[in-house]
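Observations on chain architecture
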Amino acid sequence: MCQKRLKRLTAIVSLYEEKREALAQVRAMREWVIRLEQILEGAFAQSPEQISNAEVACRFDAWLKELTSFLQAEGRTPEEHLRLGHLLKVMSHLRPELVQCYDLPGFPRTNNDMEISIRALKTRYRRISGRKNWNAYLLRYGRCVAYYEWWMNQPNGLALLETRLRQTAPPLWRSVRQQTRERQREQLNRFRFRQHPHAYLASLEHRWQQTACM
């Protein structure tokens, strides 16, 4: 029994020695992610007042520049180019949206906070309508519902919202109404296709033929 355990321990140690370099590389790449997390979290600040869009953006841009220089240096492995290159591409693309929440009190900063906000909207809709499926509702009225919920959480929010709505120009209201109708039409087409795909495709072919004849 001791010989078996010793042999097993020796195999584990040998595997670790074989992967020592790869594991060290993974730890080094992980440090880039941890540094980014600390920047977005605001761990650098001594007080909440020090966290702002400008400060986070400055540190975020410095991190992007440093990572770019790191990948352009000689001696980088294909694994580093693949993993860290993908991280750099994604973060560069998301850069404008990631640093807009720090100057807005109460704005969800993490995915968990956003999920909690969405769940609250879903719960309110279920209580009002009694329906379990809320995806179409959120896709159709999501912006308006979130806007209303935000006002309701403000001091004297209902009165302020009514005052603001009275100042809305009719063309703007018509534009929002048209956008809502387009989303509703898109969802209705999806529903028709899922329920009766052959009939829906046949109607499209018929409409196409009519258009081509014109």
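Refer to the structure presented above.
One structure accompanies this document, and this report is about it.

The rules we used
- Residues numbered from 1 in each chain as written.
- Predicted model: local features only at pLDDT ≥ 70, side-chain atom pairs only at ≥ 80, totals over all residues.
- Heavy atoms only, no water.
- Helix = DSSP H or I, 4+ residues; strand = E, 2+ residues; numbered from the N terminus.
- Buried < 20%, exposed > 50% of the residue type's maximum accessible area, 1.4 Å probe, protein only.
- Disulfide = S-S within 2.5 Å.
- Polar contact = N/O pair within 3.5 Å; in protein donor to acceptor, adjacent residues only side chain to side chain.
- Contact = heavy atoms within 4.5 Å.
- 1 Å grid on protein atoms, 1.4 Å probe; cavity = no way out; pocket = protein on both sides within 12 Å on 5 of 7 lines; lining within 4 Å.
- Points joined across faces, edges and corners; volume = space filled by probe spheres on them.
- Nonpolar A, V, L, I, M, F, W, Y, C, P; charged D, E, K, R; others polar.
- Salt bridge = Lys/Arg side-chain N within 4 Å of Asp/Glu carboxyl O.

**Some words on unusual backbone geometry**
- Look at Asn-156: it is not a glycine, yet its phi comes out positive at around 55 degrees.
- Counting through the fold element by element, Asn-156 comes out in the loop between α6 (135-152) and α7 (157-166).
- The exposed category is assigned to Asn-156, whose relative accessible area is 56%.

**Topic: the state of the cysteines**
- As enumerated under the stated definition, the model contains 0 disulfides in all.
- For Cys-58, which is in no disulfide, the shortest distance to another cysteine sulfur is to Cys-101 and amounts to 17 Å.

**Quick notes on the side chain of Glu-80**
- Secondary-structure assignment places Glu-80 in helix α4 (residues 78-98).
- For Glu-80, a relative accessible area of 9% puts it in the buried group.
- There is a polar contact of 3.1 Å between the side chain of Glu-80 and the side chain of Arg-76.
- Not counting the four nearest positions on each side in its chain, Glu-80 is found in contact with Gln-25, Met-29, Phe-70, Leu-71, Gly-75 and Gly-85.

**As for the layout of surface pockets**
- Reported here for the second largest pocket is a volume of approximately 560 Å³.
- If you go around the second largest pocket, you meet 17 residues; those closest to its centre are Cys-144, Tyr-147, Leu-165, Trp-173 and Val-176.
- The class makeup of the residues in the lining of the second largest pocket is 11 nonpolar, 3 polar and 3 charged.

**With respect to the pattern of salt bridges**
- Taken as a whole and judged by the stated rule, the model has 6 salt bridges.
- With a closest N to O distance of 2.7 Å, Arg-35 and Glu-66 form a salt bridge. Taken together, the residues Arg-35 in helix α2 (residues 20-41) and Glu-66 in helix α3 (residues 53-72) connect sequence positions 31 residues apart.
- Here Arg-95 and Asp-61 are joined by a salt bridge, their closest N and O atoms 2.7 Å apart. Here Arg-95, found in helix α4, pairs with Asp-61, found in helix α3; they are 34 residues apart in sequence, far enough to count as distant.

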